[in-house]
Amino acid sequence: MTDFIHDILNDIFSRYFRLKPIRLMLFVTGKCNAKCTMCNIWKGHNNPELGLSDYEKFTADPILSNIKYVVITGGEACLRDDLVDIVRTIVKNIPKIKKITLATNGLNKNMVMEKVENICKILENRNISFTVQISFDALKEENDKIRGIKDATQKVTSTIAGINLLKETYPFIRIVCNCLIQPLNLQKLESIYTHFLKEKIDFFFTVVNFSGTYYNNLKNSNVQFNSQQKKAAADFLRKISRDVKNLGSINERDLGKRFLFFELAEMISGKTQTRGCPILRENMAIQYDGRIIPCNITESLYYGNATVANLSDIWACKKTYETMEKIKREYCSTCISTCGASPINVAQYYIKNVHKEVLLRLGSKKGLTGG
């Protein structure tokens, strides 16, 4: 409860003052072992990657002293041989961490399991939760097409099973599968949703985003929605945002998730985004080559580089402020990313939508029982 209250206060004050970030996102590599149709990261990059000594240096910067939530991603983060050492360095230098999330495609079970188990050994008895976020976009051959890898579903399912076994030893592990909505899986969303529910797999749905630099997918015609496909995607998201029984049963009535599904549907349908972006205000994102970026969508508008300047100086410099204002003006209103929802947004959603559902359900039960 204390963390929740602190996050609410941080959300309020960060709208008016430049506070220290509470979230850290590390893109530890630009390499990937998938060949996804909606993303061209796997085609390679030319910039050198930060070394362990670089992470040792910048994670000790005082600007990160309030970090509570850390996301480690890539490319495919597990391709880094020193990933476990990077996590060890983060935990050592940033004392207030409450949660670490590792994003992976889950296609190489042995590689992922080795990294996950060794990270668990570091986090054991530290009161830090650990979420493994696994990409899972469709079942059977549709997933093979999307990921560009044969037997992708079988490989991901095997990785999920392996991590579930680890939970017996390390109960603080949580698995979340992320399904990326795109034209190639649009007709299969119901089946993957049913699969998640049947297997009691926690899940999230996002929508394919476009970037000229990070994803390098602006010219990928096979991931561009037409008007009919947009409507189908929005209808699906609205449906699952109202699926109180199922979402409540496995996700503890996660209002933030329901809000973002609803908001995504509205955005796909042409609504202007007005909720603001907590990630822009509260998140420090560091690319594999040291660039401090606002987010992966606006990667080209990076603030500075951790290899040539201190994080504290970059966070508070004039260029950063000016870049943030540019992003608010030119990008945020049409952004369909689900990088975050503030507690205030979720509360407003609850009052306008969920509260009515709860009252209707209570009224229905009361009528049936005659109470």
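Residues numbered from 1 in each chain as written. Predicted model: local features only at pLDDT ≥ 70, side-chain atom pairs only at ≥ 80, totals over all residues. Heavy atoms only, no water.

## A short note on the pattern of salt bridges
Here the idea is simple: oppositely charged side chains can pair when their charged atoms come close.
No. 1: According to the stated counting rule, one finds 20 salt bridges in the structure shown.
No. 2: Salt-bridge contacts for E142 lead to K188; the nearest nitrogen and oxygen are separated by 3.7 Å. One end of the pair, E142, is in helix α5 (residues 141–147); the other, K188, is in the loop between β5 (173–181) and α7 (189–198), with 46 residues separating them in the sequence.
No. 3: In this structure, the salt-bridge partner of K239 is E190, at a minimum N-O distance of 2.9 Å. (Salt bridge = Lys/Arg side-chain N within 4 Å of Asp/Glu carboxyl O. Helix = DSSP H or I, 4+ residues; strand = E, 2+ residues; numbered from the N terminus.)

## Re the nonpolar core
No. 1: Counting 105 residues, the largest nonpolar core has I72, I100, V116, F130, I181, F205 and L237 as its most contacted members.
No. 2: Here the element with the most residues in this core is helix α4 (residues 109–123); it accounts for eight residues.
No. 3: With sequence-adjacent residues up to four places away left out, F205 is seen in contact with N178, C179, I181, L189, I192, Y193, F196, F236, L237, I240, F261 and L264. (Core = buried A, V, L, I, M, F, W, Y, C linked by side-chain atoms within 4.5 Å. Buried < 20%, exposed > 50% of the residue type's maximum accessible area, 1.4 Å probe, protein only. Contact = heavy atoms within 4.5 Å.)

## Description of the environment of N10
No. 1: Mapping N10 onto the fold places it in helix α1 (residues 2–13).
No. 2: The exposure class of N10 is buried, given its relative accessible area of 9%.
No. 3: Residues N10 and P21, spaced 11 residues apart in sequence, show a C-alpha to C-alpha distance of 9.3 Å.
No. 4: Once you skip the residues sitting within four places of it in the chain, N10 turns out to touch L19, K20, I22 and E282.

## As for the pairing of β5
No. 1: Taking burial as the measure, the nine residues of β5 include eight buried ones, the bulk of the element.
No. 2: Sheet analysis places β5 next to strand β6 (residues 202–207), joined by six bridges and oriented parallel. Bridged to C179 within β6 is F205.
No. 3: As for the winding sense of the linkage, the β-α-β connection from β5 through α7 to β6 is right-handed. (Pairing = 2+ DSSP bridges. Right-handed = clockwise from strand over helix to strand, strands pointing away.)

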